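If you want the building blocks of each chain, they are given just below.
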Amino acid sequence: MSGAVFQRGDGVGLEFTRHVVRGVRLSSTRVGGLDAAAEVAVSDADDDRSVLDALVRLRADLGEPCEPTRLATFPPASLLHRIEVTGRNGAELNSIRADLVRNHAIASTVLLDDGPRRWIVAVRWDETFVRRLEELTERAGFAETTVEPSPIALARVLHLSVTRARRDSAADESFESLCANGQILVAGAVDSVGRPTPSLVIGTKEFSATWFDGIDEAVDLMVEMRRIVAELDGTDAAENDSVEDAHRLWLGDEAYPTFPAHDLRSAARQGVALGAAVGAAGLAGRLRPVDMLVSSASGNSDRPWVIERLSDLPPRSAVATIGPIRRLASRMLPRRSR
């Protein structure tokens, strides 16, 4: 593995859900880029052995790749939104991250660049689950593993005209996302009752990209996102077709081919994994990792005594000594024999 040579276009993308894990392998030497696709069921997402077993079998089905790996996931109750930080320096960005931890308990952020503009994407999800998943993926043999939210991975392979994408990955794991010019605006986990899985539905009806500016509370973000999604569904339902019919997935500058829905290579199954693979393969420009800050129980990370436990024992009393004069005298005086 240490001697392997990779080129731009070589990468592995995974999509993890509590019921199934999907993966694709991209190769710069393959026509169309796609080298392999696979899907493995997860028997118990809360059991490390079950998750590790599924990841090991998935890696075997992908041909035991050694290329860089990017894993996408978006557990239930997850939510993300962007905050503009154009022109902010490093210290100001760190201050914004600290405020997100302190005021909103958001410890995960991603920097996104779009020409001269820059945003921080604030991600509300279970950091413990994400770190555990990253560790298990590395133990399964995947190389250089990094984790990112599924909506960000999916937006990477959507056409610039797409403004809305709904992903139903598995039972009880679905999310809605709103985009503008290829950049994610807001995304949140939603109910999947009555929805076929896996499926991917997109729309291109335009709306105001600044609508969510200044909205920070999770409840307000979900309410506004649901309202806009309902309006987009009501204006022109014909635009929200399956992605296989719309041909709107892109691997860099090349359109992803159409496959039947039951095919493991179909966009409806592998859309998120493809987005993660495009990022790992370096086909989507500069790729930034998810920054996770360790938040304290009380949210006050600027007070070290809240993070580090101090001793409850009383101060140790000073040991009594004979003093330097008596010590010198005891050395000079002869000792009595017994």
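Computed from a predicted structure; not experimentally measured.

Attention shifts here to the packing of helix H1 (residues 48-61) against helix H3 (residues 127-139). Packing of H1 against H3 brings their axes to within 9 Å, and their N-to-C directions diverge by 50°. On the basis of their axis angle, the class for H1 and H3 is oblique. In terms of crossing hand, the pair formed by H1 and H3 is right-handed. Packed against H1, whose contacting residues are Asp-48, Val-51, Leu-52 and Leu-55, the element H3 presents Arg-132, Leu-133, Leu-136, Thr-137 and Arg-139 at the interface. In the contact of H1 with H3, the residues fall into five nonpolar, one polar and three charged.

Turning our eyes to something else, we now look at the pairing of strand S2 (residues 20-26). Extensive coverage of S2 is indicated by the burial of seven of its seven residues. Alternating positions in S2 separate into two faces, Val-20, Arg-22, Val-24 and Leu-26 on one and Val-21, Gly-23 and Arg-25 on the other, with burial throughout. Note: strand S1 (residues 11-16) against S2, six bridges, orientation antiparallel. The residue of S2 that forms the bridge with Phe-16 is Val-21. Hairpin remark: S1 followed by S2, antiparallel, with three residues in the connecting loop. Sheet topology places S2 next to strand S3 (residues 34-41); seven bridges connect them, and they run antiparallel. Each residue of the ladder has a partner; that of Val-21, found in S3, is Val-40.

In this section: the confidence of the model for the protein chain. In the predicted model, the protein chain carries a mean pLDDT of 86, and 84% of its residues have values of at least 70. Contacts for the low-pLDDT stretch residues 237-247, under 50 throughout, to residues beyond four places or in other chains number 27 contacts. Under a pLDDT of 50 for its full length, residues 295-301 has, in the predicted model, 11 contacts with residues more than four places off or in other chains.

Here we take up the environment of Ser-177. With respect to the helices and strands, Ser-177 occurs in strand S10 (residues 173-180). Those residues within four positions of Ser-177 in sequence are excluded, and the remaining contacts are Pro-151, Thr-163, Arg-164, Ala-165, Ile-184, Val-186 and Ala-187.

Cut-offs used in this document
- Residues numbered from 1 in each chain as written.
- Predicted model: local features only at pLDDT ≥ 70, side-chain atom pairs only at ≥ 80, totals over all residues.
- Heavy atoms only, no water.
- Axes fitted to C-alpha atoms, helices over the stretch in contact; angles between N-to-C directions.
- Helix = DSSP H or I, 4+ residues; strand = E, 2+ residues; numbered from the N terminus.
- Parallel < 35°, antiparallel > 145°, perpendicular 65-115°, else oblique.
- Left-handed = near helix turned anticlockwise from the far one by under 90°.
- Contact = heavy atoms within 4.5 Å.
- Nonpolar A, V, L, I, M, F, W, Y, C, P; charged D, E, K, R; others polar.
- Buried < 20%, exposed > 50% of the residue type's maximum accessible area, 1.4 Å probe, protein only.
- Pairing = 2+ DSSP bridges.
- pLDDT = per-residue confidence, 0-100.

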